[in-house]
Amino acid sequence: MFEKSLGDLIKGIRAHKRDEAEYIARCMEEIKTELRTTNPKLKSQAVLKLTYLYMLGYDVSWAAFQFVECMSLPKFSHKRIGYLAASLTFDESTDVILLTTNLLKKELNSPNPFECCLALNTLANIVTEDLARDVVADVLRLTDHSDPTVRKRATLSLFRIFLEFPDALRPSFAAIQERMKEENPSVACAAVNVVCELARKNPKNYLGLAPVFYRILTSSANNWMLIKVMKLVGVLCPLEPRLSKKLVKPVSNIMNNTSAKSLLYESIVTVSNGMMEHEQIVQLALSKLGEFLSAKDQNLRYLALVAIGNFQRTSLALVAPFRSAILSCLDDPDRTIRLRALDIVTGMISQDNLVDIIQLIVNHIRTTDGAFRNTLVEKVVQACCQGTYVHVTDFAWYISVLADLAVVPNNVHGVLIRDELINVAVRVKGVRNVAVATSLRLLGDERLYRAQTEQANACQVLHAAAFICGEFGTAEDIESVTIRSALSHVLRHETAHVLPGSVQAVFVQGALKLSIALAGRNETVAPEGGDADAAP
Amino acid sequence: MIKGVLVFNNTGKPRLTAFYEHLPIAEQQRVIRETFSVVSKRPNSLCNFVEDPSIWGDDCKIIYRHYATLYFVVFADDSESELAVLDLIQVFVESLDRCFENVCELDLIFHYEKAMYVLDEIIMGGMVLETNQQKIAQSLQAQGKIDGDRILSRARV
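A brief structural summary.

Conventions we followed
Residues numbered from 1 in each chain as written. Chains lettered and ligands numbered in written order. Predicted model: local features only at pLDDT ≥ 70, side-chain atom pairs only at ≥ 80, totals over all residues. Heavy atoms only, no water. Helix = DSSP H or I, 4+ residues; strand = E, 2+ residues; numbered from the N terminus. Rg over C-alpha atoms; globule rule 2.2 N^0.38 Å. Buried < 20%, exposed > 50% of the residue type's maximum accessible area, 1.4 Å probe, protein only. Contact = heavy atoms within 4.5 Å. Lys, Arg positive; Asp, Glu negative; His and termini not counted. Charge placed at Lys NZ, Arg CZ, Asp CG, Glu CD. Axes fitted to C-alpha atoms, helices over the stretch in contact; angles between N-to-C directions. Parallel < 35°, antiparallel > 145°, perpendicular 65-115°, else oblique. Left-handed = near helix turned anticlockwise from the far one by under 90°. Nonpolar A, V, L, I, M, F, W, Y, C, P; charged D, E, K, R; others polar. Core = buried A, V, L, I, M, F, W, Y, C linked by side-chain atoms within 4.5 Å. Expected span 1.5 Å × (residues − 1). 1 Å grid on protein atoms, 1.4 Å probe; cavity = no way out; pocket = protein on both sides within 12 Å on 5 of 7 lines; lining within 4 Å. Points joined across faces, edges and corners; volume = space filled by probe spheres on them.

1. Notes on the overall build of chain A
So, step 1. Of the regular secondary structure elements, chain A holds 29 helices and 0 strands.
So, step 2. Relative to the globule expectation of 24 Å for 536 residues, the C-alpha radius of gyration of chain A, 34 Å, shows a markedly less compact shape.
So, step 3. Taken over the C-alpha atoms alone, chain A extends approximately 105 × 70 × 40 Å along its principal axes.
So, step 4. Across the 536 residues that make up chain A, the buried fraction comes to 57%.
So, step 5. Put simply, of all contacts in chain A between residues at least 6 apart along the chain, 67% involve residues at least 24 apart.
So, step 6. Once the 58 positive and 57 negative side-chain charges of chain A are each reduced to a mean point, those two points are 7 Å apart.

Rendered as structure tokens:
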């Protein structure tokens, strides 16, 4: 009698901002009682309230059976709520799905098209293998229903059915092809949508439909259909070179004539994916791409960068004309755009331009903000060590870069830099002296000793510095004064004691190696200033 | 395919959620929270796309639009066109407007299931079902009539 409607529940939640959880718990208890009712209106309202609570994050899986009961209520406005609840909350683990089979079959065979649509909608969301097997025949029949809204839904839901029950595909395919030829654009679109999704999963099997796609590309005026087919063509062309040759003309036509930016963009991407052997269309695509890149619209600029990334994979030379525009994108206020630009820039790297490009990125590191800075640092290191340093010709330069990166404020990549320094020093004999000199400088850098918060761990670089000094700083050609200097750093730096234990341990080991080296040269071991009890 | 559709307000409260690729409840709430966190920091002058694999995996583009107090977010995989999805969001909002007459957040709060029925006309099981404004409105109007639903039956055709 006084049961809360959904509206009451929502008002109640809004009024109980401070004790929301308790209020909702009370409401849940009320709902549990209400669900036991035989009054269809009350039952469906209770189910509706539960779907709302589900959206807020509360588990309602215990009510699954009641949702099925609600689905079987006679009145459309009541059962519709049950179907909504099922669509939203059922998943593979919901065992009551088994109970819905007969219910769904009944609806699918109903003379009322709204009931068919209701069932189809829920089916598309909850279908399992067993359910698919049981209803596929009914759904297939509905693809030929007199009402186009039923036909389009039936056709579209077949995709989800095929995903669960692939055996249904072969016997149903003829029906889908029929729908593709339909007059009614919504139904035809639905069929094309299904075919495109299927073909993306198994492109080889759909090469045979190429003539159909050709027809669509040359004669359809429906942008959604054209976009789907265009994307599919990009997937099919790499598998069949003759296909790309045939499609050059229709795709060029579309690129030149369409007013829909979405379709134009997909055409450009398709060229980059599957038509790269055809000079003319590639040039056309690149010129259109240039327009996107210089557009005021941020969305177009972002998409241009995505497409350039695609072209870059095939040929670095092709994207060279866009270089300055891309570099200016590294400064863009939009993080999404910056990340894409960064990807492209690091993709441009070769032996010849590594130093220039890294220098560019390092300059950006100095001017950019916190989180992006760390991304840049990581990218620099990744770019240099990719292919086991295939692009690096001068490791002394690389060490200097690492040293620069080490002192970037709020650096979270201390461990990465540490490992790189050690890696290079160990593997590349020729730069060990440079490594030692750099390490000495780093050991004297105050900033590194202070750089240890939860995220910023640049102090780890000191681990590398101490290790390198200890391991390679004792070679014959290193001057004693250097060794003594290193020793003084590891032994008595005022702030060394705040470093993590693991780093201090390396300091101690370093001190040992350096002292032994000095002793071996018959020189006094006492560090400058002679403070014997300074060792940690 | 479309993996999910979210509508939340400027403080991150969900107003409509549809997950076409099933996620456990805790994961759903995490996706909502993290998406809100990323999207709410972006001023309206930036592009409508976000790439963040940590939210819903690698093959997921996050496409969103901000209208006054509401964010409409669509999660789509590689088979969808970004610009087309952006148009689709507009179609969804337009359709809501036709039912609710100058739709505002309060309408979605108190009639969220009607908003779901509108969405069901546009996206079904993660696939785009209808993009024509007229057809969507006609279908809603017809449903509204047999359902005795005041709001949907008012849909402006």
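Read on, since the account is not over.
2. Let's talk about the packing of helix α3 (residues 40-55) of chain A against helix α5 (residues 76-89) of chain A
Residues and elements named next belong to chain A.
So, step 1. Look at α3 against α5: their axes get within 9 Å of each other, and the N-to-C directions meet at 25°. With respect to α5, the axis of α3 lies roughly parallel. Where α3 crosses over α5, the two elements pack in a sense that is left-handed. Counting all contacts with α3, which are made through Pro40, Lys41, Ser44, Gln45, Val47, Leu48, Thr51 and Tyr54, the residues of α5 involved are His78, Ile81, Gly82, Leu84, Ala85, Leu88 and Thr89.
So, step 2. Of the residues that constitute the contact of α3 with α5, the class distribution is 8 nonpolar, 6 polar and 1 charged.

3. Observations regarding the nonpolar core
So, step 1. With 249 residues, the main nonpolar core has Phe311, Ile358 and Tyr398 of chain A as its most contacted residues.
So, step 2. With 12 residues, the single largest contributor to this core is helix α3 (residues 82-100) of chain B.
So, step 3. Ignoring sequence-local partners within four residues, the contact set of Ile358 of chain A consists of Ile349, Val380, Ala383, Cys384, Trp397 and Val401 of chain A.
So, step 4. With 17 residues, the next largest nonpolar core counts Leu23, Val50, Tyr71 and Val73 of chain B among its residues.

4. Re helix α25 (residues 432-443) of chain A
An α-helical segment advances 3.6 residues per turn. Residues three or four places apart therefore align on the same side.
So, step 1. The end-to-end C-alpha distance of α25 of chain A is 16 Å, a good match for the 16 Å that 12 residues give at a rise of 1.5 Å each.
So, step 2. Taken as a whole, α25 of chain A has its buried residues at Arg432, Ala435, Val436, Thr438, Ser439, Leu440, Leu442 and Leu443 of chain A.

5. As for empty space enclosed by the protein
So, step 1. Here the structure, examined in full by the defined rule, presents 2 cavities of 30 Å³ or more.
So, step 2. Within this model, the largest cavity holds a volume of roughly 70 Å³.
So, step 3. Residue composition of the lining of the largest cavity, by class: 10 nonpolar, no polar and no charged.
So, step 4. Size it by volume and the second largest cavity reaches roughly 40 Å³.

Geometric values such as these leave the question of function open.
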